[in-house]
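Here is what each chain is made of, one letter per residue.
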Amino acid sequence: KEDLVCCLLCKVNFHALCFSLRDNKKDFYSDNACSKSFLGTFNQNAANKSKNKKFGSFVFVCDHCLTKHENQVTCNTNDRVSILDNRVTNLAGDVTEIKKLLKEVVNKSTDRQLVPSSDLDMPTRRSSPLSSVDSISSNSSATHSLDDSAGSSMQSNQSVNVWLDKNRVKSLLVVAKDANVDGSSLEKTVIENGIQVQKKFVNKKGDTVIVCPNQKSRDDLKEKLSTSGITPDLLKEPKEKNPIISVVGIPKELDQDSKGTIYNTVLCQNPYIGECLKDNTSVFEVLSVKPLKNNNNIKQAIIKVSDNIRHAIKNNSNKVFYGLVSCPVYDQLYIKRCHKCQGFGHYARECSQTTCCGLCASGDHETRDCSHKDSSDVESVYKCCNCSKAGKTGNDLKHPAFSNECPSYRAKQDKLKSSLSYYSKN
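Thresholds, definitions, all that
- Residues numbered from 1 in each chain as written.
- Predicted model: local features only at pLDDT ≥ 70, side-chain atom pairs only at ≥ 80, totals over all residues.
- Heavy atoms only, no water.
- Pairing = 2+ DSSP bridges.
- Helix = DSSP H or I, 4+ residues; strand = E, 2+ residues; numbered from the N terminus.
- Contact = heavy atoms within 4.5 Å.
- Axes fitted to C-alpha atoms, helices over the stretch in contact; angles between N-to-C directions.
- Buried < 20%, exposed > 50% of the residue type's maximum accessible area, 1.4 Å probe, protein only.
- Phe/Tyr/Trp six-rings, centres within 6.5 Å; stacked < 30°, edge-to-face > 60°.
- Salt bridge = Lys/Arg side-chain N within 4 Å of Asp/Glu carboxyl O.
- Parallel < 35°, antiparallel > 145°, perpendicular 65-115°, else oblique.
- Left-handed = near helix turned anticlockwise from the far one by under 90°.
- Nonpolar A, V, L, I, M, F, W, Y, C, P; charged D, E, K, R; others polar.
- Expected span 1.5 Å × (residues − 1).
- Arc of directions from axis to C-beta.
- pLDDT = per-residue confidence, 0-100.
- Core = buried A, V, L, I, M, F, W, Y, C linked by side-chain atoms within 4.5 Å.

Asker: Would you mind going over the sheet that holds strand β6 (residues 199-202) with me for this structure?
Answerer: Picture the strands of a sheet paired through backbone hydrogen bonds; they go either parallel or antiparallel. Across the sheet, which stays open at both edges, the four strands sit in the order β6-β7-β5-β8 with antiparallel pairing between neighbours. Looking along the sheet, the strands with just one partner apiece sit at the ends: β6 and β8 (235-236). Taken together, the two bridges between strand β5 (residues 172-175) and β8 define a ladder with antiparallel strand orientation. Bridging from a neighbouring strand, V175 pairs with L235 of β8. Along the sheet, helix α7 (residues 215-227) makes contact with β5, β7 (208-211) and β8, crossing β5 at roughly 25°.

Asker: What is the right way to read the sheet that holds strand β13 (residues 325-331) from this model?
Answerer: If you trace the five strands from one edge of the open sheet to the other, you get β10-β11-β9-β13-β12, paired in antiparallel fashion. What marks the edges here is a single partner per strand, and that holds for β10 (284-292) and β12 (319-322). Strand-to-strand, the axes of this sheet are offset by a mean angle of 30°, without reference to chain direction. Alignment of strand β9 (residues 244-250) against strand β11 (residues 295-305), held across six bridges, turns out to be antiparallel.

Asker: What exactly am I supposed to notice about the side chain of T208 here?
Answerer: Mapping T208 onto the fold places it in strand β7. Residue classification places T208 among the buried positions, given a relative accessible area of 10%.

Asker: I'm lost on the pairing of β10 in this one. Help?
Answerer: In the case of a regular strand, side chains alternate between the two sheet surfaces. The pairing of β10 with β11 spans eight bridges and is antiparallel. When the bridges of β11 are listed, K290 appears paired with Q300. Taking the residues that link successive antiparallel strands as the turn, the β10-β11 hairpin has two residues.

Asker: In this structure, what is going on with unusual backbone geometry? I would like to understand it.
Answerer: The phi torsion of most residues other than glycine is negative, and most of the peptide bonds are trans. For S317, which is not glycine, the phi dihedral falls at a positive 65°. Residue S317 is classed as exposed on the basis of its relative accessible area, which comes to 58%. Within the chain, Q342 stands out as a residue other than glycine whose phi angle is a positive 70°. Here Q342 is to be found in the loop between β13 and α11 (385-389).

Asker: What is the right way to look at the packing of aromatic side chains in this model?
Answerer: Both the distance between ring centres and the angle between the ring planes are used here to describe each pair of aromatic rings. With the rule as written, the count across this model stands at two aromatic pairs. Between F344 and Y409, the aromatic rings sit 6.2 Å apart at their centres with planes inclined by 35°, giving tilted as the arrangement. With F344 in the loop between β13 and α11 and Y409 in helix α12 (residues 407-418), this pair connects stretches of sequence that are 65 residues apart. For the pair F344 and Y409, a shared accessibility class is recorded, and that class is buried.

Asker: Where do I start with the pattern of salt bridges in this structure?
Answerer: A side chain of one charge can pair with a side chain of the opposite charge when the charged atoms of the two come close. Tallied over the full model, the rule gives six salt bridges. Between D220 and K216 there is a salt bridge, with the nearest N and O atoms lying 3.1 Å from each other. In this pair, D220 and K216 are both assigned in helix α7, four residues apart and thus about one turn of the helix distant. In this structure, R310 engages D331 in a salt bridge whose closest nitrogen and oxygen atoms are separated by 2.9 Å. You can see R310 sitting in helix α10 (residues 307-315) and its partner D331 sitting in strand β13, a full 21 residues away along the chain.

Asker: What's the story with the packing of helix α6 (residues 183-192) against α7 in this structure? I'm lost.
Answerer: Axes are the key here: two packed helices are described by the angle between their axes and the distance separating the axes. Where α6 meets α7, the closest approach of the two axes is 11 Å, and the angle between their N-to-C directions is 120°. By the angle between their directions, the pair α6 and α7 is classed as oblique. Judged by the sense of rotation from one axis to the other, the crossing of α6 with α7 is right-handed. For the pair α6 and α7, contact is made by L186, T189 and V190 and by L221, K224 and L225, respectively. Along the lines of polarity and charge, the residues of the contact of α6 with α7 split into four nonpolar, one polar and one charged.

Asker: How should I be thinking about α7 in this particular structure?
Answerer: Count 3.6 residues to each turn of an α-helix, and residues three or four apart come out pointing the same way. For α7, spanning 13 residues, the distance from its first C-alpha to its last is 19 Å, which sits close to the expected 18 Å at 1.5 Å a residue. All buried positions along α7 are accounted for by S217, R218, L221 and L225. Buried residues of α7 fall within an arc of 100° about the axis and therefore sit on the same side. Note on α7: the residue one or two positions beyond its end, G229, has a positive phi of about 115°.

Asker: Would you mind showing me how to read the confidence of the model for the protein chain here?
Answerer: As a general rule, the predicted coordinates of low-pLDDT regions are not to be interpreted in detail. Residues with a pLDDT of 70 or more make up 70% of the protein chain, whose mean pLDDT is 75. Here residues 51-55 scores under 50 on pLDDT; set against residues more than four positions off or in separate chains, the count is 12 contacts.

Asker: Looking at this structure, I do not really get α6. What am I missing?
Answerer: Residues of α6 that are buried include every one of L186, T189 and V190, and no others. The buried side chains of α6 occupy one side of the element, clustering within an arc of 90° when seen end-on. α6 presents S184 and K188 as exposed residues on the side facing more than 90 degrees away from its buried surface. On the buried face of α6, the contacting elements are β6, β7 and α7. Following α6 by one or two positions, G194 has its phi on the positive side, about 60°.

Asker: Please clarify how the nonpolar core should be interpreted in this entry.
Answerer: When a protein is soluble and globular, its nonpolar side chains tend to lie buried together. Ranked by internal contacts, the top residues of the largest apolar core, which has 22 residues, are V247, I262, F284 and I303. Of all the secondary-structure elements, those providing two or more residues to this core are β9, α8 (259-269), α9 (271-276), β10, β11, α10, β12 and β13. Contact partners of F284, with chain neighbours within four places excluded, come to Y263, V266, L267, I273, L277, I303, K304, V305 and I309. Listed in part, the 15 residues of the second largest apolar core include A176, L186, V190 and L234.

See the structure below:
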């Protein structure tokens, strides 16, 4: 009986082997349908009662059960397809209903914005001197049509990121320090002319930066300041920021004096860049040539490029042909770091903050004087002061402050990246 094979599904036994006993040994017939290797494996496992006729990779199913099982699988597949089809149909109806509701909300919001503030049953809110006030604008010498005032109101109420490069170029006006403009005269100018200003501040150079909600307000303010005696060369509009790339693999004999050589070689071997430069607004400027931080034998060229050239290089698999090699191209998202306080945006020579160690975050010494610097267990004392200030805990602090993998440093890079128009579009 142990030589019988049982169907896994219906449990019906059927013969799989044909043999005769000779001297208590099995003599298999030569016309067996199965191979000798199968017979050997079957005999080896037949004595193992726990396997219950399921030997290793062998599963025995009769033809009837196999056909029945295949039919069942096919039916289940059809049922599943039918169910999914119904779900997709219902989902499409839900999406249509959601779009309809959103459209109604937007229409109501637009209608509410077009109603004059005096008609709304809402408490009034004090505004800053440089903010847009409807009542003051209506009494100024500059008159606006209903469409212009409604459009301006809607635009100013929108949440616009003025630091995104395309918005920054259109909405900022920089008044040079030499213009000697004071806050009271500037305030008087914007109020009398009904010009909208979000805020103003003085940058590190001493220039006055005025943030407007849109390009029209910026242009109006620039015109009024020009007529008040400020020369046009003292009124600056910010230029669009360009991506900076690193071309790695430049021959090591080249140095800072080889910028012209690098420029001509890259343009000669990569004609698509030259095609891009036919546009007068395109930029391709070699800024510096320096070795890699982790390998002084390999040099990189730091190059400022315009959006169209960066896009063309990306389409060329981020490679630039130079001499006998194909140099990989990487984005340079450089963030200033201070080795005194470990903060961002400035260098140690101009730092006024307290000292902080970049390894253990102690305020008693600088990184170069840390007693753990050369020890074998230095990784056990790692603590990033920037991530600590950001509220991170546990393993999120276990790295030096100057690490390129620091989450706080990466966040600064992401912020810089979001301010460049090329990365916001790609």
